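Chains, contacts and geometry: an overview
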Amino acid sequence: MCKVYSVTSQKGGTAKTTTVFNFGAYLAGKGYRVLLVDTDPQGSLTASLGFGNPDMMDVTVANVMEKEINDENYDRKNYAILHHSEGMDILPGNIELSGLEVSLVNTWSREFVLRRYVDKVRDYYDYIIFDCASNLSLTTINCLVASDRVIVPVHAAYLSLKALEQLIKTVGRVKRGLNTGLDIDGILITMLNGRTNYAKGIIELLDTAYGNNIRVYENKIPYSVRAAEIAAEGVSIFKHDPNGKVASAYTGFAEEVLNYE
Ligand SMILES: Nc1ncnc2c1ncn2[C@@H]1O[C@H](COP(=O)(O)OP(=O)(O)O)[C@@H](O)[C@H]1O
Ligand SMILES: [Mg+2]
């Protein structure tokens, strides 16, 4: 039974990509079959995983979506898939997603393109995780339509309740109109500097505003330069700094997600 997650926040710099990388690496380390999908035209996940300049890549998720749009027959198990040394598969993304976004507008069932792909590769994986762009594009809607659950990272120091409110509304709309199976899994507080009272205030605020309806994960991801270093190293925090506080926080978070399933 494959589970499909979208990591999204409608805000840049909330550690979406970092969370997808480490959550995926944790799951792969447990022996699960994991596919990470980079749906951000910036290709940060693709680059972080160590695959060089994404814009130089010939085949990406944009080509996959094109093939789905054109109802083509192709080898979904292998087409465009890359393999990371820690065991995850990745469907890379790059700037071509921007062009695709434009052509999606005039596509029949334009919100269901990724869903069609996911339905056909579900059997090959235990987990599929979408790394979403920071804006609410048609591609992001495609991710939500293709997902079972949504993980929402929030930057502790730059919390935007407005962005959060908007995201919750969007997920609600998608659930009503396009994917009744969609639910928010939880809010993950990232880049937390626990010593500041400001951050404590944020956590209290979130708990008061959403605590009853939406889970705020117990495990928060601390701010640490070690976490920022992984993008340059091409390895997850579990390889880069296995005994550090970020690895332990991502482990705790991942276990919370799994326990809740
Ligand atoms: N726990 C952390 N501590 C410090 N820096 C972090 C942490 N998590 C992510 N970063 C850094 O913050 C920046 C934004 O993270 P990223 O995962 O790219 O966010 P997003 O995908 O939401 O835009 C990146 O430079 C990343 O390396
Ligand atoms: Mg990102």
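So, here is what we can say about the structure in this document. The structure displayed is predicted, hence computed values, not measured ones. (Residues numbered from 1 in each chain as written. Chains lettered and ligands numbered in written order. Predicted model: local features only at pLDDT ≥ 70, side-chain atom pairs only at ≥ 80, totals over all residues. Heavy atoms only, no water.)

**Brief notes about the packing of helix α3 (residues 61–69) against helix α5 (residues 113–121)**
- Between α3 and α5, whose axes approach to 9 Å, the crossing angle comes to 95°. In this view, α3 runs roughly perpendicular relative to α5, as classed from their interaxial angle. Here V61, V64, M65, E68 and I69 of α3 come into contact with α5, specifically with V113, L114, R116, Y117 and K120.
- The residue makeup of the contact of α3 with α5, split by class, is seven nonpolar, no polar and three charged. (Axes fitted to C-alpha atoms, helices over the stretch in contact; angles between N-to-C directions. Helix = DSSP H or I, 4+ residues; strand = E, 2+ residues; numbered from the N terminus. Parallel < 35°, antiparallel > 145°, perpendicular 65-115°, else oblique. Contact = heavy atoms within 4.5 Å. Nonpolar A, V, L, I, M, F, W, Y, C, P; charged D, E, K, R; others polar.)

**Let's talk about the pairing of strand β7 (residues 183–190)**
- With respect to burial, β7 is a largely interior element, seven of its eight residues being buried.
- Each parallel crossover has a hand, and the one from strand β6 (residues 149–155) via helix α7 (residues 161–177) to β7 is right-handed. (Buried < 20%, exposed > 50% of the residue type's maximum accessible area, 1.4 Å probe, protein only. Right-handed = clockwise from strand over helix to strand, strands pointing away.)

**What to know about the environment of L192**
- Assignment of secondary structure puts L192 in the loop between β7 and α8 (197–210).
- Sequence separation between L192 and A156 is 36 residues; the distance between their C-alpha atoms is 5.3 Å.
- Apart from residues lying up to four places away in sequence, L192 is in contact with A156, A199, I203, K220, I221, P222 and Y223.

**Some remarks on helix α11 (residues 245–260)**
- For α11, which comprises 16 residues, the first-to-last C-alpha distance of 23 Å matches the rise-based estimate of 22 Å (1.5 Å per residue) to within 8%.
- Looking only at α11, the buried set comprises V246, A247, A249, Y250, G252, F253, A254, E256, V257 and L258. (Expected span 1.5 Å × (residues − 1).)

**Remarks on empty space enclosed by the protein**
- By the definition in use, this model includes one cavity of 30 Å³ or more.
- Taken as a whole, the largest cavity holds about 80 Å³ of empty space.
- Taken together, S9, K11, T14, V152, P153, V154, H155, Y158, L159, S160, A163 and L164 form the lining of the largest cavity.
- Elements with a minimum of two residues in the lining of the largest cavity: β6 and α7.
- Looking at the lining of the largest cavity, the element that brings in the most residues is β6, giving four residues.
- Taken together, the residues of the lining of the largest cavity break down into seven nonpolar, four polar and one charged. (1 Å grid on protein atoms, 1.4 Å probe; cavity = no way out; pocket = protein on both sides within 12 Å on 5 of 7 lines; lining within 4 Å. Points joined across faces, edges and corners; volume = space filled by probe spheres on them.)

**Digging into the nonpolar core**
- Residues F23 and I129 are the most contacted members of the largest nonpolar core, which totals 33 residues.
- Broken down by secondary-structure element, the contributors of at least two residues to this core are β1 (3–7), α1 (16–29), β2 (34–38), β5 (127–131), α9 (225–233) and α11.
- Broken down by element, this core gets its largest block of residues, eight residues, from α11.
- The residues touching F23, leaving out its near neighbours within four places in the chain, are Y5, I129, I151, F253, A254 and V257.
- Of all hydrophobic cores here, the second largest spans 27 residues; its members include L35, A62, I81 and A146. (Core = buried A, V, L, I, M, F, W, Y, C linked by side-chain atoms within 4.5 Å.)

**Some thoughts on the site of ligand 1**
- Neighbouring ligand 1 are 14 residues; G13, K16, T17, T18 and P222 lie closest to it.
- Between an oxygen atom of ligand 1 and a main-chain N or O atom of A15, the distance comes to 3.0 Å.
- Contact between ligand 1 and T18: an oxygen atom at 2.5 Å from a side-chain N or O atom of the residue.
- In the complex, 78% of the free accessible area of ligand 1, which totals 560 Å², lies under the protein chains.
- Using a 2 Å cut-off from the grid points, one finds that ligand 1 occupies the largest pocket.
- Every element with two or more residues in the shell around ligand 1 is listed here: α1 and α9.
- Of all the elements, α1 adds the most residues to the shell around ligand 1, at three residues. (Near = heavy atom within 4 Å. Polar contact = N/O pair within 3.5 Å; in protein donor to acceptor, adjacent residues only side chain to side chain. Areas by Shrake-Rupley, 256 points an atom, 1.4 Å probe, with all protein chains shown as cover. Sits in = over half its atoms within 2 Å of the grid points.)

**So, unusual backbone geometry**
- In this model, Q10 sits at a positive phi of 55°, which is unusual for a non-glycine residue.
- With respect to the helices, strands and loops of the structure, Q10 is situated in the loop between β1 and α1.
- Owing to a relative accessible area of 12%, Q10 belongs among the buried residues under this scheme.
- Positive phi values are uncommon outside glycine, yet M191 reaches one of about 50°.
- Checked against the element boundaries, M191 lands in the loop between β7 and α8.
- The class for M191 is partly exposed, based on a relative accessible area of 24%.

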